[in-house]
4 protein chains.
Amino acid sequence: MHISSAFDSGNIKVINKDSNPIELAIGIDNQSDFYQWFHFRLEGEVGKQYPLRITNAGKAAYPAGWENYRVCASYDRHNWFRIDAQYDGNVLDFTVELDQPSIYLAYFAPFSWERHLDLLAWAQSDERVQAETLGLTLDGRDMTLLTIGNAETAKRKVWMIARQHPGESMAEWFVEGFLEALLDDANPAARSLLENTVFYVVPNMNPDGSVRGHLRTNAAGANLNREWQSPSMERSPEVYLVRERMLATGGDIFLDIHGDEALPYNFVAACEGIPGYDEKHAALENVFKQAYEKASPDFQTEHGYPLHGPGEANMNVGTNWCGHQFRTLALTLEMPFKDNADLPDTVEGWSPARSRQLAKDILFPIRETLAYMDGSN
Amino acid sequence: MHISSAFDSGNIKVINKDSNPIELAIGIDNQSDFYQWFHFRLEGEVGKQYPLRITNAGKAAYPAGWENYRVCASYDRHNWFRIDAQYDGNVLDFTVELDQPSIYLAYFAPFSWERHLDLLAWAQSDERVQAETLGLTLDGRDMTLLTIGNAETAKRKVWMIARQHPGESMAEWFVEGFLEALLDDANPAARSLLENTVFYVVPNMNPDGSVRGHLRTNAAGANLNREWQSPSMERSPEVYLVRERMLATGGDIFLDIHGDEALPYNFVAACEGIPGYDEKHAALENVFKQAYEKASPDFQTEHGYPLHGPGEANMNVGTNWCGHQFRTLALTLEMPFKDNADLPDTVEGWSPARSRQLAKDILFPIRETLAYMDGSN
Amino acid sequence: MHISSAFDSGNIKVINKDSNPIELAIGIDNQSDFYQWFHFRLEGEVGKQYPLRITNAGKAAYPAGWENYRVCASYDRHNWFRIDAQYDGNVLDFTVELDQPSIYLAYFAPFSWERHLDLLAWAQSDERVQAETLGLTLDGRDMTLLTIGNAETAKRKVWMIARQHPGESMAEWFVEGFLEALLDDANPAARSLLENTVFYVVPNMNPDGSVRGHLRTNAAGANLNREWQSPSMERSPEVYLVRERMLATGGDIFLDIHGDEALPYNFVAACEGIPGYDEKHAALENVFKQAYEKASPDFQTEHGYPLHGPGEANMNVGTNWCGHQFRTLALTLEMPFKDNADLPDTVEGWSPARSRQLAKDILFPIRETLAYMDGSN
Amino acid sequence: MHISSAFDSGNIKVINKDSNPIELAIGIDNQSDFYQWFHFRLEGEVGKQYPLRITNAGKAAYPAGWENYRVCASYDRHNWFRIDAQYDGNVLDFTVELDQPSIYLAYFAPFSWERHLDLLAWAQSDERVQAETLGLTLDGRDMTLLTIGNAETAKRKVWMIARQHPGESMAEWFVEGFLEALLDDANPAARSLLENTVFYVVPNMNPDGSVRGHLRTNAAGANLNREWQSPSMERSPEVYLVRERMLATGGDIFLDIHGDEALPYNFVAACEGIPGYDEKHAALENVFKQAYEKASPDFQTEHGYPLHGPGEANMNVGTNWCGHQFRTLALTLEMPFKDNADLPDTVEGWSPARSRQLAKDILFPIRETLAYMDGSN
Ligand SMILES: [Ca+2]
Ligand SMILES: [Ca+2]
Ligand SMILES: [Ca+2]
Ligand SMILES: [Ca+2]
C-alpha cells in the first residue's frame, strides 16, 4: 500500500500506514489554522479493501461538513464517484476496495492548474475575449482576468470571481461551464447578453492555494474573503489586484462563486448586513433569486446562511464590500461539497458536471436582473 | 463538373449542365405537387466558380421561402455554412466557389436515416428509455416511439412528434437536442421533470419522405399533417399508428416540431380555431409562450401565422386534432429555414446547433406549463 | 418481438416469427443465386432470450463460412461483439439475450454508404487528394476514385480497389484505415511513399450491392470480380469505369481487398495461373508476402487458396486481369469473416479495428516491394 | 507585455522587458551548470511583433543545439508549431507576432506531470498492466514502474526507461505512443509480443527535473545518466530504485529514450565501449537497427554519435551499465529537438505526434530482435 500526494492540489499526511484503519491527517493551510481539503492517490492490491481514517477530521474548519459527507473517488482522474464515509464527531472513516491498482480520493473533484491554463488558452481563441494578467500571486503565478464582450460599448457590466477559497474546486468547474455557455455561438441567451453586456471573469482568485492543496487561504495564510477592505500586495495581492480593477471599471452585478462544506444545497448569500443596504439591493436580490429558482431545480432559496442584521455585515467579505462599494447586486453563490438534498445523485453527489450546468443556468437570472435594471421587465 | 444526389435525402435534377448558369430543378415529392427540399453534391475544380440556377424555384410549395434565403453548404458533411442566393420570383441563383473538390448543398443541414438509427441506439442505452416500433411505413421502415420515464407512475404525459414534413430536417436536430437534455444526468430540469412526467417522443414521423428527399409528403404523396382525422394504414400509416397510441395513452401537452420556409423566426401555432377552444387552452398557451420567450431569445411571439377564427381550424392538422381530442395544450413549433431575424448569424443562419439549443430550452416552458396545470405556479 | 432491415445494407426475411426458434431467411442478391450477407435489428424485451434460426444457411454461397462462425452483434451500432452460433449443415442457430431493447445483428460489422460519403469528404480535405467521379452505377450512385499524391511526378503507381463483393464490408474498413495511415502527417512511411508514389484508391467498387445488402453482386446480379475481361456499362459499369482508368494510367502494384467466408486467416491470392506469369511476378509476390508477414502477425502465408496451374487462371477475375495486363504484381487480399485463428479475439473476432490496423501495416510491404522494383533493396 | 513561467516545467528569466529585443535568460538546473530547456507564456497585443533574445544561449549545455533550431510555439497548448530563430554563437533571437492574446513558447512541446498521471491512470485500466511505485524522488514524487504482461510466464523481458534528462520531453511523448500501441487490442504485433514477453516501462525517470523545468538533472543537480554505477537514495534515488528492480528482474533488451539537442536525426547509441562487448552485442544491435530502419523512415543509422573505442565507455551511463550488467542489447534512442533532416516538416519540425509514431514503429525491431534471440529468424 502506498499513498502519494505530490501533485497539483495534493494534500494528505500518512500518520500510520500499518494500523487498521490506516491513519491519515489532512495538512493545514500554510501559516493558517484552516484545513479540510484532501487529495491523494492510494495504490494497493486489486480486490483488497483499505480502511482509511482521517484522524483530524473533527478539528477541521467545518466539522459539520463531514456529516453525511461521502468521499469523492476516481480511477481515471476523469469520472468521479462517491464512497460512503462515517463521521463520529472526531474522525472520518471510509473504506476503499480497489478495482484497479490505484485510486484518487479527494474532498471534491479537483480542478488543476494545468486545466486552468487550458481553459484560458481555449477562451482566448474567441475574439470576443481579452485575457490579461493583472499581476502576480505571492508564489509568482498569474492573476488572470478575462474580459468578454466590448467594454467600451457595453451598457452593463457583470463581474464573476471564483475560488477565493481554493479547496472549493466546484467554483472553477462552475466557471468552466459558464464560459462554455457564454461563448457558445448557438446559445441565444449568451449572444443576446453579449450585445450590450461585458463580463469580467476571474476563473481562479487563489492560484497558490489551489496548487498547494489549501482549503481556504493563499500562500501566506490569508483568507482572501476577509481581505476586501484593505488588501495588500504583501499579504493578499490576489484581492488587491482584482479590487483595483473593479474600482476602475465599476459593475452592475457581482458574483462570487464558492462551495459550502456543510449545507447540502445551492444557494446565494447577499449583502443585507451592509450599511446603506436599501430597497434596490433587496429588489435585485429577489429578481435574481426567483429567476434562478425557475431556471434550475438545483437552485433554491429555502436553505442558506442566517441573515445578517442591519449593519452587521463583515465588510472584509468580497460580496459585502462590492455590494456596498457599487451599491448594486452582489451575491455569494454557494454550491455543496455533498449533494443537493432536493435532487440527490447517489452515484456522483454534487459533481463537476452539475456545477457546470448550474453555471449555464445562471445566464437566466443574469438576464432577468439586467432586464429589471433596464426597466424592461 | 458533376452533380450527384443518389444518397439519403438527395434531391436534384440536372436540366442543363453545360449552360451558364448550370440549370437545375428540384424533384417533386412522389405522387404529389409539393417540392422545395434539395440536397446534392457538386464536384468540380478547386478554385473555380460554379453558377447554379434552380429553375423551378418559383413554383415550389412556398415561393416566399426563397426570399432572402441563403443556401446551406458543407465540405465535410458536418459543418454547414450559408451561401448567398438571389431569387427573382422565378428562379433561384447562387454561385459556389470550390475550396475543395466537392461540396454538399442543401435546403437545410440534412439529418440522415443512419443518424436517426444512431440516435435511437444511443437513447435506448439509458434505462429510462423504452424504444418501440409501432408499425411500418409504406416503404417498410420502422415507426419508432421512445417512451421516457415511468408511464405507470407518471402524473403527467408530454408528447413530442417531429418531421411530419420530412424536408424540415431542423425538426429532428431539435429532437436530438431535446433527448440529450432530457437524458443528461447533470440537468436538474430534466431530472426534476422525469420524477413525475413521462415523455412520448417520435423523432421522425415521416421516415420514407426523409430518405426519399421529399419536402412535405410520405411515400404515397400524403401530407401527413392533413391526415389526422381519418388516417389509414394504406395512405398514412405514420399518423395512424401514432394517433392510435395517443388515443390509448392520452396526454397533457402535445408538441409537433416543424420548420417554416418563409418566416425568419421561431414561433408556435396553437389550436385557437378548433371547436371547444376555451380558456384553459388559452391560458396554457400563454403560460407556455411567455416561459419560452423568457428562456430563449431565439423564441418570440410577435411574428407567426395569422390566427384562425373560432371553428375555422383544419381538424386534419395534428395540433388541432390533438388540442380538440385531448382538450389540452397542443402546439406546432416552427423553426426557420432562413435565420432568426432578431438574432441573425451571418455565417450559419439557423442551424443544427441552434435547433438543438432551442430544444434544450423547451424544458423550461414545459416545466412552467406543467406547474401551472398543477396549480403550483 | 420485431425484426427490421429497412436500412442501409439491411437483409433478412422473417419466415415465422411465432415459431421457436424464430425462423429467418437471408434474401438473395438481386437477379442472382448468391446470398450470405445479413443485417437486421431485433427488438424485444430486455432480459429475454430470442432463439433465431437462419433456415436457408445451408444453401448460401459459402456453406463452409458457417462452420465455427460467430454472429456479429451491436447495441449501439459502434461496438460490435460476437455471439456463438451452431451450424448443422443446413441451418444456422443462435440465441440473443437482450441487454437493451434492441440489437443489431450482421454477418460482419457494416460500413454504410453514409460513412462512405463521410470518408470521401474527409479525404478530400487533404490537399494531396483528388476525388473524382468516374461515372455512375446502375442505381445511379457515384463511382469515386481517390488519387493521392502527384500523378504527374510520381515514379510509381499503386492501385487499391475494395469491396467488389459488397457483403465483404471489412474491405472498406480496411480502406478507411489505409487512408488514415496514408494521410497521417506524422507517419514517415506514408510521407516517404508519397514523395514518389501515387495511389489510386476506389474505396467501394460496388455501391449498389452495398446499400442493397448483397453478398456478391451489383444491382444487376453481376459478380463484378468475374467481369474484368469484357465489362460493360450496361451490366458492370463499376468495373468498366475503373478498368478504363487503369488502362489509361497503368500501375506497378494492384491490390484488390476482399473478405473470405470460410478461411479464418488473412492471406493473399496472386495471379500464378495467368498466361505469361513469370519470375518477375513470382519475385514481387515473394517480396510482398514476406514483408507483410514481418509487418503483421495478422498476416500469414501458410493458409490460403489452392494455387492455379499455369494458364488455369480465370482471366475475368480482377487480380488476374491486372496481373496479366500490366505484367506486374497483382494481389487479392482476403480477410476473414470469422477470426484470425493464429491470434483469436474471443470477444470481437475479426473486426473493423483489426481490418484498419492490417491496412496501416500494408504500407510496409508496399514500400518493400517498390524498393525491390527500384533495385534499392 | 507580460511573460510568465510559474507552471509545470516553466523556465525563463526576464532580464530586460523594456529593451528591444526583449532580453531573456534560461534558468540553470538546480545545483548544476546545465541549462537549455525553456518554457514560458508571452502575453501581449494581438497583431504586434515581439522580438525576443535568449541572452545566455551560447553558454547552454549544447550550443550546437541552437544552430538551425526553430522555437516551438502554441496558442492552445495542444497544437505546436515552429518559429524561425537566429543563433549567432552567443544569443538566440526570434520574433513572435501574436494572433491571440498569449502564446506558449518552449524548447520542445512539454509533457506535463498532470499528463503523466493521466497516462498512468489510463494504462492501469488495462488488466495486463501493473502500476507500482518503486519509491520517491527527492521532491517526494512517485517513481512509477509499469509492468505489462505476465512477468511469471513471460519468456523475454524488455525494459524501457525515458526522460532521464527531463528537458527531453519527446521521450515521454514516445512512451505515450508506445503504451498506446502495446495496449491496443487491434494491434497484432502488440498482442503477439505480449504472449511471451513482459515489458517494464518507466515513463518518467526524472519527475522532479520535469516539473522544475530542468534540462538534464534531478532536484539535487544529479545528471541521472551518469549515476548508474553507484546511485544513492540521497543523490539519485530515481536511478537507484529502477536499477535495483532491474537487478532483481534482469532483462533481454534495455531501451533508454532520449532527445538530442544538436543532431537533426533519430538514431541509437549502443554500448560498444563497455568491457566484455562481444559478438552477441554487435549482432543484436545490427538486427535491431536494420529492422527499425525498415520499419520507419524516421529512423536511420548514418548519423549518430561517434563510437567509443573498446573499454572507453562511461560505465555510469545507463545504457552502458545495462549492456554490461546483463550482457545483452542496451540502446539509447535519441530523437531530435530540431527535425529529421531526411524527412523535414516545415510546420511542426520533430513533434509529439512523430515521437508517438516512432514509438509505435519500435514494436517491429523489438519483435525482430527477440525472434533473433530465439533463433526463429
Ligand atoms: Ca467558501
Ligand atoms: Ca411544416
Ligand atoms: Ca470476395
Ligand atoms: Ca539526453
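What counts and what doesn't
Residues numbered from 1 in each chain as written. Chains lettered and ligands numbered in written order. Predicted model: local features only at pLDDT ≥ 70, side-chain atom pairs only at ≥ 80, totals over all residues. Heavy atoms only, no water. UniProt positions renumbered as here; feature names shortened; annotations may be inferred. Helix = DSSP H or I, 4+ residues; strand = E, 2+ residues; numbered from the N terminus. Pairing = 2+ DSSP bridges. Axes fitted to C-alpha atoms, helices over the stretch in contact; angles between N-to-C directions. Contact = heavy atoms within 4.5 Å. Donors = N, O, S within 2.8 Å, 3.2 Å for Na, K, Ca; no water. Buried < 20%, exposed > 50% of the residue type's maximum accessible area, 1.4 Å probe, protein only. Least-squares fit on C-alpha atoms with pLDDT ≥ 70 in both. Buried area = accessible area lost by both parts, 1.4 Å probe. Salt bridge = Lys/Arg side-chain N within 4 Å of Asp/Glu carboxyl O. Domains from an automatic or database assignment.

As recorded in an unreviewed UniProt entry, chain A goes by M14-type cytosolic carboxypeptidase and comes from Microbulbifer pacificus. Of the comments in the UniProt record for chain A, the one headed Cofactor (unreviewed entry) reads "Zn(2+)".

When the UniProt feature table is mapped to this numbering, "domain: Peptidase M14" (unreviewed entry) covers residues 109–373 of chain A. Taken end to end, residues 109–373 of chain A has its terminal C-alpha atoms 37 Å apart, with 37% of it in helix and 18% in strand.

This next bit is on the sheet that holds strand β6 (residues 71–74) of chain C. Residues and elements named next belong to chain C. Spatial strand order, β1-β4-β10-β6-β7: five strands in an open sheet with antiparallel pairing. A single partner strand is all that each edge strand has here, and the edge strands are β1 (2–4) and β7 (81–83). Averaged over all neighbouring strand pairs, the angle between strand axes comes to 35 degrees, with direction disregarded. Examined bridge by bridge, β6 and β7 share three bridges and lie antiparallel to one another. Residue pairing across strands places C72 opposite R82, the latter belonging to β7.

Here we take up the arrangement of the chains. At the C-alpha level, the nearest point of chain A lies 21 Å from chain C, with no contact between them. At the C-alpha level, the nearest point of chain B lies 21 Å from chain D, with no contact between them.

The protein atoms that coordinate the calcium ion (ligand 4) are H165(D) (ND1), E168(D) (OE), E168(D) (OE) and H258(D) (ND1), at distances spanning 2.3 to 2.5 Å. The buried category is assigned to H165(D), whose relative accessible area is 3%.

Our next topic: the relation of the copies chain D and chain C. The operation relating the pair of chain copies consists of a rotation about an axis and a translation along that axis. For the pair chain D and chain C, the best superposition has an RMSD of 0.0 Å and corresponds to a rotation of 180 degrees with a translation of 0.0 Å parallel to the axis. These values place the two chain copies in the arrangement generated by a two-fold rotation axis. Among all residues of chain D, the minimum C-alpha distance to the rotation axis is found for A295(D), at 4.1 Å. In this assembly the copies share their binding face: 100% of the residues contributing to the interface of chain D also contribute to that of chain C.

For these two chains of identical sequence, chain D goes onto chain A by a turn of 180 degrees and a shift of 0.0 Å along the axis, with RMSD 0.0 Å. A share of 100% of the interface residues of chain D reappears at the interface of chain A, consistent with the copies meeting face to face through the same patch.

Opposite the 25 residues of chain D that make contact, chain C presents 25 residues. Between chain D and chain C, a total of about 1900 Å² is buried, with carbon and sulfur atoms accounting for 52% of that surface. Among the residues chain D hides against chain C, the three largest losses belong to P188(D), R191(D) and K294(D). Together they make up 30% of the total. The interface formed by chain D and chain C holds two salt bridges in total. Of the charged contacts, one joins K294(D) and E368(C) as a salt bridge, the two residues approaching to 3.0 Å between their closest N and O atoms.

Looking now at the domain arrangement of chain A. Residue and element names in this part refer to chain A. In terms of domains, chain A is made up of domain 1 (2–106) and domain 2 (113–376). Measuring from the centre of the C-alpha atoms in domain 1 to the corresponding centre in domain 2 gives 28 Å. Tallying the contact residues gives 24 residues for domain 1 and 26 residues for domain 2. Together domain 1 and domain 2 conceal approximately 1900 Å² of surface at their shared face, both sides included; 51% is due to carbon and sulfur atoms. Taken as a group, W37, Y62 and R82 account for 30% of the area that domain 1 buries against domain 2, more than any other trio of residues on that side. If you look at where domain 1 meets domain 2, you find zero salt bridges.

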